Amino acid sequence: MESFDLTEHPHRRYNPLNDTWVLVSPHRSKRPWQGQVEKNTPDNRPQHDPECYLCPGNTRASGDVNTDYKGTYAFTNDFSALLADVPEGNFENGDIFKAESQSGICKVICFSPRHDLTIPEMETEDIWRVVDLWVEEYKSLGSKDFIRYVQIFENKGAIMGCSNPHPHGQIWSQSHVPQEPARKTASQQKYFENHGKSMLSDYLEIELREKTRIVVENDHFVALVPFWAVWPFETMIVSKRHVQNISQLTETEKNAFADIYKKLTIRYDNLFEVSFPYSAGIHQSPTDGLPHESWHLHMSFYPPLLRSATVKKFMVGYEMLAEPQRDITPEYSAQRLREVSEVHYKKW
Ligand code: H2U
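Residues numbered from 1 in each chain as written. Predicted model: local features only at pLDDT ≥ 70, side-chain atom pairs only at ≥ 80, totals over all residues. Heavy atoms only, no water.

Novice: What should I look at first to understand the environment of G169 in this one?
Specialist: Inspection of the secondary structure puts G169 in strand β8 (residues 168-174). For G169, the residues in contact, after removing those within four places along its chain, are K107, V108, I109, F111, F153 and E154. (Helix = DSSP H or I, 4+ residues; strand = E, 2+ residues; numbered from the N terminus. Contact = heavy atoms within 4.5 Å.)

What follows is the structure, given as structure tokens:
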């Protein structure tokens with residue numbers, strides 16, 4: 001029998017960050033497709049939309065009026081999933097029924113006053129302002145006694161459930177560390193105790209040597225398709241320097257973060273010639289007062305598209321009931337993203 005080959009044979013890959021597995025079936029990527037096709041709607045957005053609740057000077061659903069902002073703009077979500085004044089408490093009935101109260105603050109952050117732009121279309125210096133706002137919000141929300149974790153994220157595109165095309169993200173901060181960052185906290189801590197180095201420092205060292213999964217890098221950050229990627233074109237931006245969170249980035253590093261965020265998302269757009277949808281977010285140290293020296297800042301991108309602007313990956317069936325599965329290998333995805341231009345060549 002021939003020997004095991006990661007590019008040919010079905011296998012499972014381990015994600016050491018969150019202690020999960022993904023099934024990879026490279027032999028299956030040529031199967032015919034007759035399923036759902038998403039519509040690629042043309043985008044003719046004006047620079048300012050009087051109906052948009054995120055544009056400068058407009059009235060939101062709550063009746064509050066946005067300032068006439070010129071750069072970035074943050075406000076408390078009018079429909080926050082978490083509220084600041086929740087009485088503390090637990091509910092327990094034996095080992096089966098458990099609940100705990102949760103308080104928090106949710107914010108909406110507008111990336112630009114321009115309604116018609118997206119991150120890959122913005123100037124790097126304007127994206128720098130977004131990074132700077134993330135830092136400010138992480139620091140100010142995280143410094144509150146009852147906030148133990150700050151989740152910064154961006155939902156882009158209607159198929160990701162994004163309610164408005166105006167360039168924006170969200171921040172949910174809360175009184176407990178939610179399960180995904182909690183899993184990453186435990187795994188990174190264990191690795192740090194065993195190796196005396198952050199897991200992602202060791203991981204980056206290998207990736208930078210092998211180069212097969214790297215998409216783009218600059219002096220301070222690397223964007224790559226992780227070995228354990230679940231989504232077809234999932235990527236991760238990792239800081240070259242081991243920092244726990246964005247508040248530790250130097251001005252130069254913040255600029256480099258903006259630069260790689262732009263370069264990666266341009267490649268995404270160019271891949272299928274569409275404003276590429278994704279959910280992306282920053283994972284970094286909790287703000288619970290513990291040291292967290294093992295945490296290594298990274299930003300994950302989870303795009304749903306599989307083979308074109310209109311064909312997306314479904315996480316259904318086996319993925320829902322057993323574990324995630326992918327067909328094209330992370331190495332192939334990285335190669336595709338490396339091959340497309342880093343210049344945003346099309347407006348659609
Ligand atoms: P999404 O597009 O990712 O859904 O984010 C938009 C957020 O904006 C959403 O959470 C909030 C919604 O609650 N929002 C307001 O806070 N005020 C509004 O007037 C409309 C939407």
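Novice: Hey, could you run me through the site of the ligand in this one?
Specialist: Close to the ligand lie 14 residues, the nearest being A61, N77, D78, S163 and H168. At 2.7 Å, a side-chain N or O of N77 approaches an oxygen atom of the ligand. In terms of residue class, the shell around the ligand is made up of six nonpolar, six polar and two charged. (Near = heavy atom within 4 Å. Polar contact = N/O pair within 3.5 Å; in protein donor to acceptor, adjacent residues only side chain to side chain. Nonpolar A, V, L, I, M, F, W, Y, C, P; charged D, E, K, R; others polar.)

Novice: How do you make sense of the pattern of salt bridges when you look at a structure like this?
Specialist: Taken as a whole, this structure holds 23 salt bridges when the rule is applied. Linking R213 and E210 is a salt bridge whose minimum nitrogen-to-oxygen distance equals 3.1 Å. K313 is paired through a salt bridge with E319; the nearest N and O atoms lie 2.6 Å apart. In terms of burial, K313 and E319 fall into one category: buried. Sharing partners across several salt bridges, the network here consists of R13, E207, E210, R213 and E331. (Salt bridge = Lys/Arg side-chain N within 4 Å of Asp/Glu carboxyl O. Buried < 20%, exposed > 50% of the residue type's maximum accessible area, 1.4 Å probe, protein only.)

Novice: Where do I start with the packing of aromatic side chains in this structure?
Specialist: Working definition: an aromatic ring pair is given by the centre-to-centre distance plus the angle between the planes. Tallied over the entire structure, the rule returns 15 aromatic pairs. Their ring planes at 40° and their centres at 5.6 Å tell us that W134 and Y261 sit as a pair that is tilted. With a gap of 127 residues between them, W134 in helix α1 (residues 124-142) and Y261 in helix α4 (residues 251-272) connect regions that are remote in the sequence. Residue W134 is classed as buried on the basis of its relative accessible area of 2%. With relative accessibility at 0%, the residue Y261 sits in the buried group. Here Y203 and W228 contribute two aromatic rings whose centre-to-centre distance is 4.6 Å and whose plane-to-plane angle is 40°, an arrangement assigned as tilted. Placement of the pair is Y203 in helix α3 (residues 199-210) and W228 in the loop between β10 (221-224) and β11 (235-239), with a sequence separation of 25 residues. Relative accessible area serves as the criterion here: at 12%, Y203 is assigned to the buried category. Using a relative accessible area of 5% as the deciding quantity, one classes W228 as buried. The residue whose ring lies beneath R12 is W21, and the NZ or CZ to ring-centre distance is 4.6 Å. (Phe/Tyr/Trp six-rings, centres within 6.5 Å; stacked < 30°, edge-to-face > 60°. Lys NZ or Arg CZ within 6 Å of the ring centre and 35° of its normal.)

Novice: How should I be thinking about the sheet that holds strand β2 (residues 20-24) in this particular structure?
Specialist: Hydrogen bonds between backbone groups are what pair the strands of a sheet, and the pairing can be parallel or antiparallel. As summarised here, the arrangement of the three strands in space is β1-β2-β14, forming an open sheet in which the pairing is mixed. The open sheet terminates on both sides in strands that have one partner only, identified here as β1 (11-15) and β14 (325-326). (Pairing = 2+ DSSP bridges.)

Novice: Explanation requested: the packing of α1 against α4 in the structure shown.
Specialist: Axis angle and axis distance: for two packed helices, these are the angle between their axes and the distance between the axes, and together they describe the pair. Contact pair α1 / α4: the axes reach a minimum separation of 8 Å and the direction vectors enclose 115°. Classified by chirality, the crossing of α4 by α1 is right-handed. Of the residues in α4, those touching α1 at T124, I127, W128, V131, D132, W134 and V135 are E251, K254, N255, F257, A258, D259, Y261 and K262. Among the residues making up the contact of α1 with α4, the classes are represented as eight nonpolar, two polar and five charged. (Axes fitted to C-alpha atoms, helices over the stretch in contact; angles between N-to-C directions. Left-handed = near helix turned anticlockwise from the far one by under 90°.)

Novice: Teacher, can you tell me more about α3 here?
Specialist: Turn by turn, an α-helix covers 3.6 residues, leaving residues three or four places apart pointing in a common direction. The terminal C-alpha atoms of α3, which comprises twelve residues, lie 17 Å apart, in line with the 16 Å expected from a rise of 1.5 Å per residue. Among all positions in α3, only M199, L200, S201, D202, Y203, L204 and E207 are buried. Contact partners of the buried residues in α3: α2 (179-195), β9 (214-217), β10, β11 and β13 (298-302). Directly after α3, the chain includes K211, whose backbone phi takes a positive value near 65°. (Expected span 1.5 Å × (residues − 1).)

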